[in-house]
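The primary structure of each chain is shown beneath.
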Amino acid sequence: MQKRYISIWFCYLKTDWHVRRKPVLAGLPFVLVTSSHGRMIITAASKTAIAQSVLLGMALADARAVLPTLQYFDDEEKRAAVLLNGLAAWCYRFTPVVAINLPDGLLLDVSGCPHLWGGETNYLQEIQNRLAALGYNVKLAMADTVGAAWAMARYGNGLSIVEPGMHAKVLLPLPPSSLRIEDSIAAQLDKLGLRQIACFVQMPRTALRRRFGDSLLQRLDEAMGNKEEMLLPVQPAIEYSERLPSMEPILTATGIRIALKRLLDSLCSRLQKAEKGLRKAIFSCYRTDGKTEQVSIGTNRPTCNPLHLFRLLEEHITTITPAPGIELFVLDAPVVEELDPWQEALFANGTAATETELAELLDRIAGKFGQERIRRFLPAEHYWPERSYKPANSLQEVANTSWVINKPRPLQLLPHPVLIQVTAPVPDYPPMNFRHNGVLHIISKADGPERIEAEWWLQEGFHRDYYYVEDESGKRYWIFRLGHYDAANNQRWYLHGYFS
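Only a predicted model underlies this, so the values are computations on that prediction, with no experimental measurement involved.

Trainee: So what's going on with the pattern of salt bridges? Which residues, and what values?
Mentor: Considering all chains together, one arrives at 28 salt bridges under this definition. The residue Glu-242 makes a salt bridge to Arg-270 at a minimum N-O spacing of 3.0 Å. Of this pair, Glu-242 sits in strand E9 (residues 241–250) while Arg-270 sits in helix H11 (residues 253–273), placing them 28 residues apart in sequence. In this structure Arg-270 comes out as partly exposed when scored by relative accessible area, which is 30%. Note that Asp-465 is salt-bridged to Arg-451, the shortest N-O span being 2.8 Å. Of this pair, Asp-465 sits in strand E18 (residues 464–471) while Arg-451 sits in strand E17 (residues 439–452), and the two are 14 residues apart along the sequence. Its relative accessible area of 1% is what places Asp-465 among the buried residues. Through salt bridges with shared partners, a single ionic network connects Arg-93, Glu-126, Arg-130 and Glu-327.

What follows is the structure in structure tokens.
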């Protein structure tokens, strides 16, 4: 696939944002300033201020001498990064790969995207119009390389489309600064009379490296396409993701369901071919006002069954607010696992069908009441009873050890033992009674003790002597004494579980 990139240059990023917040500033000259060595220096200026000879880096006092009506506001150091992060998230409606280009730009990998908008011209024009509607003055360019797109966005005519394979030609008449090199190197080239890329592009590389270092050659190679330049996207690209743009804004739940079905069919087809199943799905709806509605679901086992996944996501469609209209639907599968090739084929046969139906039932219950309401536990290799189990990640997770079945264990185990008062003969006889929550329980039957040693490699402490006891009402409990019996000290007894 032919690689294509877009560079978006926000000509007045921070001042345009101020105008969005305070529309009264529209058309007025104003600047943003920061303190430097006791002087207020202009770090950003509005379009109107620049048109009236206000320059970046100028002292505020000098600028106000030229333009007495000039207004000024304090600049914020990290404002540009925050704004670009938000704008990058907004741009995900046009492409899944968006990178920030500080201090005032975005870079988009749009390979394979323009045809969804009717071609590159319509695609670029749509992005520009939408950003202009948000209040930003922008210049855009599309080219085969990041460097060429960046250069044409800043030195082109404002909306430039470099035809495939023509990026090297359009770069030749541009100044060296269009290569994103350091200002000091650009100044050296200008001093030598090399004011266009064409003046030095054919020079021996050894001479350029010796005079200007490796950075000039690297930027030149990247712009010319001789070296691939990797973008660092704000959000890592998800391998299993499907996008569905809408020609007209979708306003109804029925339209959302239709879009969701189409996305699920496409995504599940890809997953099935790769013999994979998703464990988590995120359904995102991008609205025309820039906001995003999003719902997500999880599954207990990997699946690529579109009908089951639709039922899970359909439960949440009522939480999506489509107004004023949804223009793009995206379905992501960020968590994917290997799928047993026979799993889907055996839906209707015996055990496999039962396991699948159980997993889908649990998924539906989790969708209605929350994933935290469904829990499965596996045995863990610990002596201490409260450490002898762990939560399972899925229905398919296999235990590394086995449950204790050769000795009685309570149906309900307390997460932490509860201190109780016990009357017991000495030294190792079962207790006669115990008091818990103010209630005295007379013990009619008892068995024990079962000694469980402390796990000295995890913590220091005494062993436990457990007893299985039944009170006069027939209720059974699991209690223990901590450590050896000592007539000189009060013994500590604990309640740890309830039998059925």
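Trainee: How would you summarise the sheet that holds strand E4 (residues 71–74) if you had to cite specific residues and measurements?
Mentor: The three strands are arranged E3-E2-E4 in an open sheet whose pairing can be described as mixed. Two strands bound the open sheet, and with one partner strand each, they are strand E3 (39–45) and E4. Averaged over all neighbouring strand pairs, the angle between strand axes comes to 45°, with direction disregarded. By the bridge criterion, six bridges tie strand E2 (residues 30–36) to E3 in an arrangement that is antiparallel. By the bridge assignment for E3, Val-31 is matched with Ala-45. Set on the sheet, helix H1 (residues 13–21) makes contact with E2, E3 and E4; between it and E2 the angle comes to about 120°.

Trainee: Tell me about the pairing of strand E1 (residues 5–10), and please be specific about residues and values.
Mentor: Along any regular strand the residues' side chains alternate between the sheet's two faces. Across the six residues of E1, six count as buried, placing the element largely inside the fold. Where burial is concerned, the two faces of E1 agree: the one with Tyr-5, Ser-7 and Trp-9 and the one with Ile-6, Ile-8 and Phe-10 are both buried. Sheet topology places E1 next to strand E7 (residues 138–143); six bridges connect them, and they run antiparallel. Residue Phe-10 lies in a different strand from E7, and its bridge partner there is Val-138. When E1 meets strand E6 (residues 105–109), the two strands line up antiparallel, connected through five bridges. Across the sheet, Ser-7 pairs through a bridge with Leu-107, a residue of E6.

Calculation criteria
- Residues numbered from 1 in each chain as written.
- Predicted model: local features only at pLDDT ≥ 70, side-chain atom pairs only at ≥ 80, totals over all residues.
- Heavy atoms only, no water.
- Salt bridge = Lys/Arg side-chain N within 4 Å of Asp/Glu carboxyl O.
- Helix = DSSP H or I, 4+ residues; strand = E, 2+ residues; numbered from the N terminus.
- Buried < 20%, exposed > 50% of the residue type's maximum accessible area, 1.4 Å probe, protein only.
- Pairing = 2+ DSSP bridges.
- Axes fitted to C-alpha atoms, helices over the stretch in contact; angles between N-to-C directions.
- Contact = heavy atoms within 4.5 Å.

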